[in-house]
Amino acid sequence: MHCAACVTRVERVLTREPGVDSAAVNLAAGVAVLRLVPTPSSPPLPARLAALLAALRAAGFEPQVTSLTLGIEGMTCAACVARVERAIRALPGVLAADINLSTETARVTYLPATSSAERIAETIRAAGYHPVLKERDLTTEQTRKDQARLELRRDLIIAAVLTLPLLLISMGPMVVPPLGLWFEHLAPKTIWNGLELLLATPVLFWAGRRFLVRGVTELRHLSPGMDSLVMLGSGAAYWYSLLVVTVPEVFPPGTANLYFEAAAVIVTLILFGRYLEALAKGRTSEAIRGLLDLQPQRARILSETGEREIPANAVVPGDILLIRPGERLAVDGILTEGGSYVDESMISGEPVPVRKDPGDAVIGGTVNQTGAFRYRATRVGAETLLAQIIRLVEDAQSSKPPIQRVADRIAAVFVPIVLVVALLTFLAWLWLGPAPALNYAFVTAVSVLLIACPCAMGLATPTAIMVATGRGARLGILFRQGAALETLARVDTVILDKTGTLTLGHPALTDLRAYGRSPDEVLALAAAVERHSEHPIATALLEEARKRGLTWGEATQVEAVPGSGIQGQVGAQRIAIGTQRWMMQRSVPLQAAGEFEQMLAEAGRSPIYVSADDQLIGVLSIADPLKPGSRAAIERLQGLGLAVAMVTGDGRATAETVARAVGIEQVLAEARPAEKAEEVQRVQALGQRVLFVGDGINDAPALARADVGLAIGTGTDIAVEAGDVILMQEDLAAVADAIALARRALHTIRVNFFWAYAYNIALIPVAAGVLFAVTGWLLNPMLAAGAMSISSLFVVTNSLRLRRFKSGQPSARVAAGPLVSRIDPRQTRDD
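Residues numbered from 1 in each chain as written. Predicted model: local features only at pLDDT ≥ 70, side-chain atom pairs only at ≥ 80, totals over all residues. Heavy atoms only, no water.

**Q** Where do I start with the packing of aromatic side chains in this structure?
**A** Any pair of aromatic rings gets described here by the distance separating the centres and the angle formed by the planes. The full count for this structure, using the stated rule, is 10 aromatic pairs. By way of ring pairs, the aromatic residues F205, Y238, W239 and F260 are connected into one cluster. The positively charged end of R209 is found above the aromatic ring belonging to W206, 4.1 Å away from the centroid. The ring of W582 has R586 sitting right over it, with the charged end atom 5.0 Å from the ring centre. (Phe/Tyr/Trp six-rings, centres within 6.5 Å; stacked < 30°, edge-to-face > 60°. Lys NZ or Arg CZ within 6 Å of the ring centre and 35° of its normal.)

**Q** Sorry, what's going on with the UniProt feature "transmembrane region" (unreviewed entry) in the chain here?
**A** The feature "transmembrane region" (unreviewed entry), as annotated in UniProt, sits at residues 156–176, 191–208, 229–251, 257–276, 410–432, 438–461, 753–772 and 778–796 in this numbering. Along residues 191–208, the helical share is 94% and the strand share 0%, with 25 Å between the first and last C-alpha atoms. The distance separating the terminal C-alpha atoms of residues 753–772 is 28 Å; by composition the span is 85% helix and 0% strand. (UniProt positions renumbered as here; feature names shortened; annotations may be inferred. Helix = DSSP H or I, 4+ residues; strand = E, 2+ residues; numbered from the N terminus.)

**Q** Hey, could you run me through the pairing of strand β10 (residues 332–338) in this one?
**A** When a strand is regular, its side chains alternate between the sheet's two faces. Here six bridges tie β10 to strand β15 (residues 373–379), and the two strands are oriented antiparallel to one another. Across the sheet, the residue bridging to D332 is R379, located in β15. With two bridges connecting them, β10 and strand β13 (residues 361–362) associate as antiparallel partners. Looking at β13, one finds that G333 is bridged to V362. (Pairing = 2+ DSSP bridges.)

**Q** Please explain the sheet that holds strand β28 (residues 725–727) as it appears in this structure.
**A** To summarise the sheet geometry, strands pair through backbone hydrogen bonds and adopt either a parallel or an antiparallel arrangement. One open sheet holds the seven strands; their spatial order is β16-β28-β27-β26-β17-β24-β25, and the pairing between them is mixed. The open sheet has two edge strands, β16 (477–479) and β25 (666–668), and neither has a second partner. Across the sheet, the axes of successive neighbouring strands diverge by a mean angle of 20°, strand direction being ignored. (Axes fitted to C-alpha atoms, helices over the stretch in contact; angles between N-to-C directions.)

**Q** I tried to follow the nonpolar core on my own but got confused; where do I start?
**A** Looking at soluble globular proteins, one finds that nonpolar side chains tend to be buried together. Ranked by internal contacts, the top residues of the largest apolar core, which has 57 residues, are L488, L637, I664, L691, V693, V735 and I739. The element that contributes the greatest number of residues to this core is helix α27 (residues 733–768), accounting for 13 residues. Sequence-distant contacts of L691, that is, excluding residues within four places in its chain, are made with L488, V491, T493, V494, I495, V708, L710, V735 and I739. Membership of the second largest hydrophobic core comes to 38 residues, among which are W192, I270, Y275 and L438. (Core = buried A, V, L, I, M, F, W, Y, C linked by side-chain atoms within 4.5 Å. Buried < 20%, exposed > 50% of the residue type's maximum accessible area, 1.4 Å probe, protein only. Contact = heavy atoms within 4.5 Å.)

**Q** I tried to follow helix α19 (residues 536–547) on my own but got confused; where do I start?
**A** Residues lying three or four places apart along an α-helix face the same way, a consequence of the helix completing one turn every 3.6 residues. Taking 1.5 Å of rise per residue, 12 residues should cover 16 Å, and α19 covers 17 Å from first to last C-alpha, within 8% of that figure. Positive backbone phi, at 70°, marks G549, one or two positions downstream of α19. (Expected span 1.5 Å × (residues − 1).)

**Q** Honestly, the pairing of strand β24 (residues 643–647) in this entry has me stumped. Any pointers?
**A** Of all five residues in β24, five are buried; the element is thus mostly enclosed. Along β24, one buried face is formed by A643, A645 and V647 and the opposite face, lined by V644 and M646, is buried too. Sheet topology note: the strand β17 (residues 493–497)/β24 ladder contains five bridges and is parallel. Of the residues in β24, the one forming a bridge with L496 is M646. Relative to β25, β24 runs parallel, the two being bridged by three bridges. Bridging across to β25, A645 finds its partner in Q666.

**Q** Just to check I follow, could you spell out the packing of helix α22 (residues 630–639) against α27 for this structure?
**A** Between two packed helices, what matters for the description is the angle formed by their axes and the separation of those axes. Contact pair α22 / α27: the axes reach a minimum separation of 8 Å and the direction vectors enclose 25°. As far as their axial angle goes, α27 and α22 are roughly parallel. Note on packing geometry: the crossing formed by α22 with α27 is left-handed. Each of A633, R636 and L637 in α22 lies in contact with α27, whose residues at this interface are A733, V735, A736, D737, I739 and A740. Per-class residue counts for the contact of α22 with α27 are seven nonpolar, no polar and two charged. (Parallel < 35°, antiparallel > 145°, perpendicular 65-115°, else oblique. Left-handed = near helix turned anticlockwise from the far one by under 90°. Nonpolar A, V, L, I, M, F, W, Y, C, P; charged D, E, K, R; others polar.)

**Q** Where do I start with the side chain of T163 in this structure?
**A** Residue placement: T163 occurs in helix α5 (residues 140–175). A polar side-chain atom of T163 sits 2.6 Å from the main-chain carbonyl oxygen of A159. Here the side chain of T163 touches T268 through a polar contact of 2.9 Å, side chain to side chain. Contact partners of T163, with chain neighbours within four places excluded, come to V203, A264, V265 and T268. (Polar contact = N/O pair within 3.5 Å; in protein donor to acceptor, adjacent residues only side chain to side chain.)

**Q** Explain the confidence of the model for the chain to me, please; I cannot follow it from the model alone.
**A** Atom-level detail of predicted coordinates should not be read off regions where pLDDT is low. Looking at the chain, pLDDT values average 79 and 82% of them are 70 or higher. The model gives residues 135–140 a pLDDT under 50, and that stretch makes 12 contacts with residues more than four places away or in other chains. Across residues 715–720, confidence stays below pLDDT 50; counting only partners more than four residues off in sequence or on other chains, it has 15 contacts. (pLDDT = per-residue confidence, 0-100.)

**Q** How should the sheet that holds strand β20 (residues 565–570) be read in this particular structure?
**A** Across the sheet, which stays open at both edges, the six strands sit in the order β18-β23-β22-β21-β20-β19 with antiparallel pairing between neighbours. A strand with exactly one partner marks an edge of an open sheet, and here the two such strands are β18 (508–514) and β19 (555–561). Adjacent strand axes in the sheet meet at a mean angle of 20°, parallel and antiparallel pairs treated alike. Where strand β22 (residues 607–612) and strand β23 (residues 615–623) come together, six bridges link them in antiparallel fashion. Within the sheet, the bridge partner assigned to A612 lies in β23 and is Q615. Here helix α18 (residues 519–530) sits on the sheet in contact with β18, β19, β20, β21 (573–578), β22 and β23, set at roughly 100° to β20.

Below is the structure:
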């Protein structure tokens, strides 16, 4: 599917099928969701699905179908086979299931968007048998590429070995005249011509067979491309020379020249360029291979028979896994026993290991540092966070941004234009050129064909996208699509949510002043009472007390006073924690806290008082604190030429306090979710491209409405699903990193395109011979082939420079929009 018309066509095809109640097609996701209505006469589900797939194929679309081979242990007879087949075929999305009892294997064909290997394995297990999923071969794709690269190198070696003596025979006498006399003494010229033919033929038809096969295919489908140009250029040189050898009398005087060496050198040089390009392109996909390598192949689980090791993809939710120091976690889960520090840098980019205790979530692919622990598997296989990251990166690398679509349209007409230019060049030289005109016409036409190969144009965007998205993944920045990378590079306004984005998103103790006691003693007494409360203030106090390693006594006679506070007996002291009004009602003297109260008021925070036996012992404040580095991140965004604003559902006083603290001047407070999206739309109406950054459910509408939605990956699943870019860390500095990386990638693409197009525009006239009248010089087809290969190699190596992008690195120069006042809180609220 390529457009909205395709979507409409697919929906129409599917809804026409019997039993289909509705069909909704998502073009971006490439997925159709169907609602099927069962009837008494309905065939089995696999048969119904097969009919739907056949209808799609007949309409010209290819549904995605996957086959899986897995082992099954425990089957003893045909009844076992029938039982397992019946269970598998009952799964939604399964098209066929065939089991071989003798080999104890099952071959299952299913729809990957509906079912999965893990679900099929779990069904077999539920039927009473043991599935053995083959370990995912992480090197299969790399092995295939390595094999192709080895074949390319072999063909290059063959071509080079045959081309070097060919060059010696044909060009040697021109460079070293005595060598020509020696050749004439050894054998007549016809023998040397035949030897050139023998050397050039395997170079063209064996080493260069890929160009001939693909070139013929392109021409047969009326879509000429690079291989067509190479085939025509080298083929013209070969067949012209073959005619000179076999029927020299048909050529005008002075034109019966051999170009076997040109044909062979063209193929050899382009093979050499392709080989270097393959080596370089292999490095563009290192990010995916690196992520795949993070997936452990084995897992140690605790079962009824004790500890045993199984393939990692055989783990199912609920299994208890054992992890020792230095080992990589196999799947996602919840820590149940023990504790350790875990290196999560491959997910968040944060190099400092994170402490994990019982109840904490752990992520598959991360590395355990110190202690041993046990954890319960929660997400396995394709559902693990690492698998989802890999899928996101693969999707982003395979998608086309808008700038590539423009390039595709240009490339589609470029080659036919080149063919016309080559033909006109040939005819012009044949008609107007000096004698021997046929020679000049032939050389210039072949040079035009070879110099204009659009390979560099085709590589300009994909290589940069692959490297940039892969590098982003390493830094904890995930791009859902390549288009998001380009759009992010063009944004000029950043709107940030407050809670969970600029702030930590949960209450914490921000201030504590003690009177006549130590701060720790005040905190311990307050924690003893608040331990009996579920209020957010209690949660914040207890968390801070635990961080400080405090212990507290048991509180009795605890009483909560709604709207005022809480009190209880701790030892011989009556402890109360609450508001100023409640303390005044209890006749607690508060004069000593006057200066501290003023400081809190200026910061926009409300004081909470702690008394012991109606005497003030402390004042504290609970707030949602700023994330470390928020102000520095805002300054960096502003340094990138971006206008930065903040929207929040919090009250105006709190919002403006946070905004002042981080250096944001434009604020929209008390905004409901719909109003956040409306604000994004209003700014867009001013002609600005908006990046919205958020992490909560209430941010999802704004994330979806913005030109680019950037979701904090530590937030809710709904926000992450709505975002175009996902940060796997809480540090806002990564927002600036994402923009800087996107700008640098777009800059790289533009440089690539400039080189590719400028190269062709500048050298096609040179190849056509426009400098001949001034210099008497024509571009040799061999040099044209070499220059074409160098052009492609430049584009790939230029893209590879993105691998050196580091966090905190400035962006390339990409023009941002004018900085105008975009958010007027009063005007917006009135609107």
